[in-house]
Amino acid sequence: VIWADDPVDRLVPTPQGLQALRAFANQAAAAVQAADQLAGMRHLAEHDPLTGLRNRRGFQAGMAAGIEQGPTLSLLICDLDHFKRVNDRFGHGAGDRVLEHFAGLLRDCTRGSDVPTRLGGEEFALVLPGADGVAAMAVAERLRRSVREHFAPHPASVSVSVGVATTGPDLTTAGALMRAANRALYAAKHLGRDRCVA
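Residues numbered from 1 in each chain as written. Predicted model: local features only at pLDDT ≥ 70, side-chain atom pairs only at ≥ 80, totals over all residues. Heavy atoms only, no water.

Looking at the packing of helix H4 (residues 92-108) against helix H5 (residues 133-151)
- Closest axis-to-axis distance for the H4/H5 pair is 10 Å, and the angle between their directions is 140°. One finds that H4 runs oblique with respect to H5. Here H4 and H5 pass one another in a crossing that is right-handed. Judged by residue contacts, Val98, His101, Phe102, Leu105 and Leu106 of H4 engage Leu143, Ser146, Val147, His150 and Phe151 from H5.
- Considering only residue class, the contact of H4 with H5 consists of seven nonpolar, three polar and no charged. (Axes fitted to C-alpha atoms, helices over the stretch in contact; angles between N-to-C directions. Helix = DSSP H or I, 4+ residues; strand = E, 2+ residues; numbered from the N terminus. Parallel < 35°, antiparallel > 145°, perpendicular 65-115°, else oblique. Left-handed = near helix turned anticlockwise from the far one by under 90°. Contact = heavy atoms within 4.5 Å. Nonpolar A, V, L, I, M, F, W, Y, C, P; charged D, E, K, R; others polar.)

Some remarks on unusual backbone geometry
- The backbone of arginine 193 sits at a positive phi, close to 70°, despite the residue not being glycine.
- You can see arginine 193 is positioned in the loop between helix H6 (174-190) and strand S5 (196-197).
- The phi dihedral of aspartate 194 is positive, around 50°, even though this residue is not glycine.

Notes on the sheet that holds strand S3 (residues 123-129)
- Strand order in the open sheet formed by five strands is S2-S3-S1-S4-S5, with mixed pairing between adjacent strands. Each having just a single partner strand, strand S2 (115-120) and S5 make up the two edges of the open sheet.
- Where S2 meets S3, five bridges bridge the pair, whose relative direction is antiparallel. By the bridge assignment, proline 116 is partnered in S3 with leucine 126.
- Across the sheet, helix H2 (residues 59-69) is in contact with strand S1 (73-80), S2 and S3; its angle to S1 comes to roughly 150°. (Pairing = 2+ DSSP bridges.)

So, the pattern of salt bridges
- Counted under the stated rule, the structure contains ten salt bridges.
- For glutamate 46, the salt bridge is made with arginine 54, and the minimal N-O distance between the two is 3.9 Å.
- By relative accessible area, glutamate 46 is classed as partly exposed at 26%.
- The exposure class assigned to arginine 54 is partly exposed, which follows from its relative accessible area of 32%.
- A salt bridge links lysine 189 to aspartate 81; its shortest N-O distance comes to 2.9 Å. Taken together, the residues span a long stretch of sequence, with lysine 189 in helix H6 and aspartate 81 in the loop between S1 and helix H3 (83-90) at a distance of 108 residues.
- Since its relative accessible area comes to 3%, aspartate 81 is described here as buried. (Salt bridge = Lys/Arg side-chain N within 4 Å of Asp/Glu carboxyl O. Buried < 20%, exposed > 50% of the residue type's maximum accessible area, 1.4 Å probe, protein only.)

Read these as spatial facts, not as claims about activity.
Take a look at the structure:
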């Protein structure tokens, strides 16, 4: 707030005073604009432009911070089954729409503290602070069912495989949690896809 009146006589400032106020206002406006641009660039650097979800940048660091903050943290690694077929049969535009819809379903399964992330391609992650293995598996199953229902009318079969891992005595770092969730995801794929494995 700039109070432009003279506090003593309440008169309009002198031309020199107005010029100084104008210069200050211009500098303040430039600073606000630069801060907005920086915030926009930071958002673009940390978010996937197609889905609007966070991207891989800072993912493990964020997970490590979550592990330090709470006694329990679960990680879901999700992979859309046979996604290449969607691109090959219907084109990349259709594939992009599938990814956008899946990102929306992933967001619908989150609570306030959960962090949905697009890791790349058709692979996504969901960090669940405070969720134990049972709660994480319930979220994973809810996501899997909602994907089947949402894409049932789609001409290409779209389903998701999910690997679930939860911190514990053997999983105390972000790297170990990621490896465990990926192993569970590979098991889900090997067992026939469209399933959740812890």
